[in-house]
Amino acid sequence: MSARAKGKNYERHVGKHFAVWWGVPWKNPGKLFHPTPLSGGWDRERAGNDLLVPRDFPFGPECKNREGWDMRLHLVHGQRKNGKCPRNGTPAEWWEQTVEACPANKLPILVFTRRRITDYVLIDARTQGFIWDRCGPFRELARFPLVHNLRLFTMEQLLSLD
């Protein structure tokens, strides 16, 4: 499978979960929560980074299904392995891309994985505060003050919030 197909499959996977969480049928006429056409280069107001999202959806999701990264090395320590970056980047670098691509009226949220592990969600303190205000406090798996003061959750944790 090509990297592009792998990425689009992962975007669909994440989109289905967000659609259920937001109460939108996956097979909806507006194609909400489906991958953004033209690889994310389309209608920045409606497209939340990698997915087409409803106007009232507060997040601009970026989705990454990449190999070669290490959670502890790249997030906890904010370092590159042996001073080198994995070929596909690190979660900290993907976060920077998420923030840069996020529409001004959305909050950045990065959903990422690699083969044979769970889906992770990376957010910043502002996004966490927004979620807490609406859903109540919840515990993050980890906090990374050295790397943009980010918070890590599993996708399952996020989707369990009402």
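Structural data are supplied above this passage.
Structure report, in brief. Predicted model, so just to flag it, every value in this text is computed and none were measured. (Residues numbered from 1 in each chain as written. Predicted model: local features only at pLDDT ≥ 70, side-chain atom pairs only at ≥ 80, totals over all residues. Heavy atoms only, no water.)

1. Things to note about the side chain of Glu62
Phase 1 of the analysis: Within the element layout of this structure, Glu62 appears in strand β3 (residues 59-65).
Phase 2 of the analysis: Engagement of the side chain of Glu62 in a polar contact is seen with the side chain of Gln97, the distance being 3.2 Å.
Phase 3 of the analysis: For Glu62, the contacting residues outside a window of four places in its chain are Asn49, Asp50, Gln97, Thr98, Ala101, Ile109, Leu110 and Val111. (Helix = DSSP H or I, 4+ residues; strand = E, 2+ residues; numbered from the N terminus. Polar contact = N/O pair within 3.5 Å; in protein donor to acceptor, adjacent residues only side chain to side chain. Contact = heavy atoms within 4.5 Å.)

2. Re the pairing of strand β5 (residues 120-124)
Phase 1 of the analysis: Counted residue by residue, β5 has five buried out of five residues, so it is predominantly covered.
Phase 2 of the analysis: As judged from the three bridges shared by strand β4 (residues 107-113) and β5, these two strands associate in the antiparallel manner. Bridged to Leu110 within β5 is Leu122.
Phase 3 of the analysis: Across five bridges, the pairing between β5 and strand β7 (residues 150-154) is antiparallel. When the sheet's bridge partners are listed, Leu122 is paired in β7 with Leu152. (Buried < 20%, exposed > 50% of the residue type's maximum accessible area, 1.4 Å probe, protein only. Pairing = 2+ DSSP bridges.)

3. What about the nonpolar core?
Phase 1 of the analysis: Residues Val14, Phe18, Phe33, Val121 and Leu158 are the most contacted members of the largest nonpolar core, which totals 25 residues.
Phase 2 of the analysis: Residue assignment for this core shows that the elements contributing at least two residues are α1 (3-22), β3, β4, β5 and α5 (155-159).
Phase 3 of the analysis: Here this core gets five residues from one element, more than from any other, and that element is α1.
Phase 4 of the analysis: Ignoring anything within four residues of it in the chain, the contact list for Leu158 reads Phe18, Trp21, Ile109, Val121 and Ile131.
Phase 5 of the analysis: Membership of the second largest hydrophobic core comes to nine residues, among which are Trp95, Leu110, Tyr120 and Leu150. (Core = buried A, V, L, I, M, F, W, Y, C linked by side-chain atoms within 4.5 Å.)

4. A few points about the side chain of Thr36
Phase 1 of the analysis: Of note, Thr36 is situated in the loop between α1 and β1 (47-48).
Phase 2 of the analysis: A polar contact of 3.3 Å, which involves the side chain of Thr36, links it to the backbone nitrogen of Leu51.

5. Here we look at helix α4 (residues 125-135)
Phase 1 of the analysis: Turning to α4, its buried residues number three or more, namely Thr127, Gln128 and Ile131. Considered in projection along α4, the buried side chains sweep an arc of 100 degrees and stay on one side of the axis. Away from its buried face by more than 90 degrees, α4 exposes Arg126 and Asp133. (Arc of directions from axis to C-beta.)

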